Amino acid sequence: MADDCRRQGFELERRIFELDNKCASLRTEKQDDDYLQNASAILDKLKSFYRQGGESSSLPKLLQDYTQVVLDITFFEENKLVDQEFPEDCSPFKIQQLLQDLTEPEVLAGRLAPAQEVQSVLGLELLECLYWRRGALLYMYCHTLHQRKQWIKKNKATFLKCIQEGVRYLMRMLQVRNSVKLNDGVVFHDSATANFLSEGIFSDTHLLTMMYIGEMCFWAVKYEDCSVDSMDRKEDRLQFRDIGTQILHKYVLACEGPLQGQGWNTENAKEILSILQ
């Protein structure tokens, strides 16, 4: 048991020092990047902790700091891909690497603290962010690919697979926190806030996630309708039309109800709904 704990501690320590080398390398490209500077500061603290012989009782905090470093470094790398408009030759590999990096904190938390739920180790906000970042990355990639009509003709299955994976991540993001039930004995002084929480809408990011899901479902329906063999296993396909309709309907109700006049546009959502329904 003690050997397992030490081995697991070494695994996290190894990853932290690997990330430190990666961060240092990336900072040679842009020394003043805010996200890399933040990652570097956290890494210095983590390295100091290990050099002073830190105890495993701090594991949740270590994993949370490690996760923040991963989020900061991958954000810098994602922005490079976006700025380069996802080059066709290298993007598939880089995206898979980013998805793997953003999955690792959850995997490590499950492996290093098996007696606890991952969300209690990392915290709700970090876990939401990990799902959001993976889903948003695939949304941005698919948004770029959607404009490359000739590429899609040759790679339709790959495009649909990216959409499905992205929608799954975004849906998981929306499911991290349970919707607040209005009969749970919680007293709300603001009925709009109560309605948002009852629908599982906890932030602007949750609303944006709904719009992303709706758009990706629309793209999937558009190209699935043109292909009878778009997925390897039909039973594994998401019901894009149903999911998109449900999510966008909730989005429109929120934006035209409590959030009316707050800058949220529903024209695109309504146009997509008219096609999906």
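For clarity, every value in this text was computed on a predicted model and none was experimentally measured. (Residues numbered from 1 in each chain as written. Predicted model: local features only at pLDDT ≥ 70, side-chain atom pairs only at ≥ 80, totals over all residues. Heavy atoms only, no water.)

Quick word on the packing of aromatic side chains
Moving on, step 1. With the rule as written, the count across this model stands at eight aromatic pairs.
Moving on, step 2. Arranged with centres 5.6 Å apart and planes meeting at 85°, the rings of F49 and Y50 form a pair that is edge-to-face.
Moving on, step 3. Summarising the aromatic geometry, the rings of Y251 and W264 are spaced 6.4 Å apart at their centres and angled 85° between planes, so their arrangement reads as edge-to-face. Of the two residues, Y251 is situated in helix α11 (residues 240-256) and W264 in the loop between α11 and α12 (267-276); the sequence distance between them amounts to 13 residues.
Moving on, step 4. Residue classification places Y251 among the buried positions, given a relative accessible area of 3%.
Moving on, step 5. For W264, a relative accessible area of 24% translates into the label partly exposed.
Moving on, step 6. Three or more aromatic residues joined by ring pairs form one cluster here, namely W132, Y139, Y212 and W219. (Phe/Tyr/Trp six-rings, centres within 6.5 Å; stacked < 30°, edge-to-face > 60°. Helix = DSSP H or I, 4+ residues; strand = E, 2+ residues; numbered from the N terminus. Buried < 20%, exposed > 50% of the residue type's maximum accessible area, 1.4 Å probe, protein only.)

Here we look at helix α4 (residues 91-112)
Moving on, step 1. Along its 22 residues, α4 runs 31 Å from first to last C-alpha, staying within 8% of the 32 Å computed at 1.5 Å per residue.
Moving on, step 2. Of all the bends in α4, the greatest reaches close to 35° and is centred on E104; the proline P105 follows between one and four positions later.
Moving on, step 3. Burial in α4 covers these residues: S91, I95, L98, L99, D101, L102, P105, E106, L108, A109 and L112. (Expected span 1.5 Å × (residues − 1). Bend = angle between axes of the 7 residues up to and from the residue.)

Describing the nonpolar core
Moving on, step 1. In this structure, L12, L63, F159 and I163 are the most contacted members of the largest nonpolar core, which totals 83 residues.
Moving on, step 2. Ignoring any residue separated from it by four or fewer positions in sequence, one finds L12 in contact with Y50, L59, L62, L63, Y66, L108 and L112. (Core = buried A, V, L, I, M, F, W, Y, C linked by side-chain atoms within 4.5 Å. Contact = heavy atoms within 4.5 Å.)

Observations concerning the confidence of the model for the protein chain
Moving on, step 1. Per-residue pLDDT for the protein chain has a mean of 87; in total, 83% of the residues score no lower than 70.
Moving on, step 2. Here helix α9 (residues 191-198) stands out as the least confident element of the protein chain, with mean pLDDT 62; helix α6 (residues 124-145) is the most confident, with 97. (pLDDT = per-residue confidence, 0-100.)

Details of the pattern of salt bridges
Moving on, step 1. Scanning the model with the defined rule gives 15 salt bridges in all.
Moving on, step 2. A salt bridge links R14 to E18; the nearest nitrogen and oxygen atoms lie 2.8 Å apart. Here R14 and its partner E18 are both found in helix α1 (residues 2-27), four residues apart, which amounts to about one turn of the helix.
Moving on, step 3. According to the relative accessible area criterion, E18 is partly exposed, its value standing at 33%.
Moving on, step 4. Among the ionic pairs, E18 bridges to R15, the shortest N-O distance being 2.6 Å. Highlighted residues: E18 and R15, both in helix α1, separated by three residues, approximately one helical turn.
Moving on, step 5. What emerges from the salt-bridge pattern is a single network uniting R14, R15, E18 and E104. (Salt bridge = Lys/Arg side-chain N within 4 Å of Asp/Glu carboxyl O.)

Re the side chain of H146
Moving on, step 1. With respect to the element layout, H146 can be found in the loop between α6 and α7 (149-154).
Moving on, step 2. Apart from the residues lying within four places of it in its own chain, the contact partners of H146 are I152, F159, W219, K222 and Y223.

Side note on the environment of A41
Moving on, step 1. The residue A41 is located in helix α2 (residues 34-51) in this model.
Moving on, step 2. A relative accessible area of 46% means that A41 is categorised as partly exposed.
Moving on, step 3. A sequence separation of 28 residues divides A41 from V69, and the C-alpha atoms of the two residues are 9.2 Å apart.

Section: the environment of L62
Moving on, step 1. Tracing the sequence through the fold places L62 in helix α3 (residues 59-83).
Moving on, step 2. Given a relative accessible area of 7%, L62 falls into the buried group.
Moving on, step 3. On a C-alpha basis, the gap between L62 and V121 in space is 9.8 Å, while along the polypeptide they are 59 residues apart.
Moving on, step 4. Those residues in contact with L62, other than ones at most four positions away along the chain, are L12, L46, F49 and Y50.

Details of the packing of α6 against helix α10 (residues 204-224)
Moving on, step 1. Where α6 contacts α10, the two axes come as close as 11 Å, and the packing angle between them is 40°. Regarding the angle of α6 to α10, the classification is oblique. Between α6 and α10 lies a crossing whose hand is left-handed. For the pair α6 and α10, contact is made by E128, W132, A136, L138, Y139, C142 and H143 and by T205, H206, L208, T209, Y212, E215, M216 and W219, respectively.
Moving on, step 2. Tallied by class, residues from the contact of α6 with α10 come to nine nonpolar, four polar and two charged. (Axes fitted to C-alpha atoms, helices over the stretch in contact; angles between N-to-C directions. Parallel < 35°, antiparallel > 145°, perpendicular 65-115°, else oblique. Left-handed = near helix turned anticlockwise from the far one by under 90°. Nonpolar A, V, L, I, M, F, W, Y, C, P; charged D, E, K, R; others polar.)

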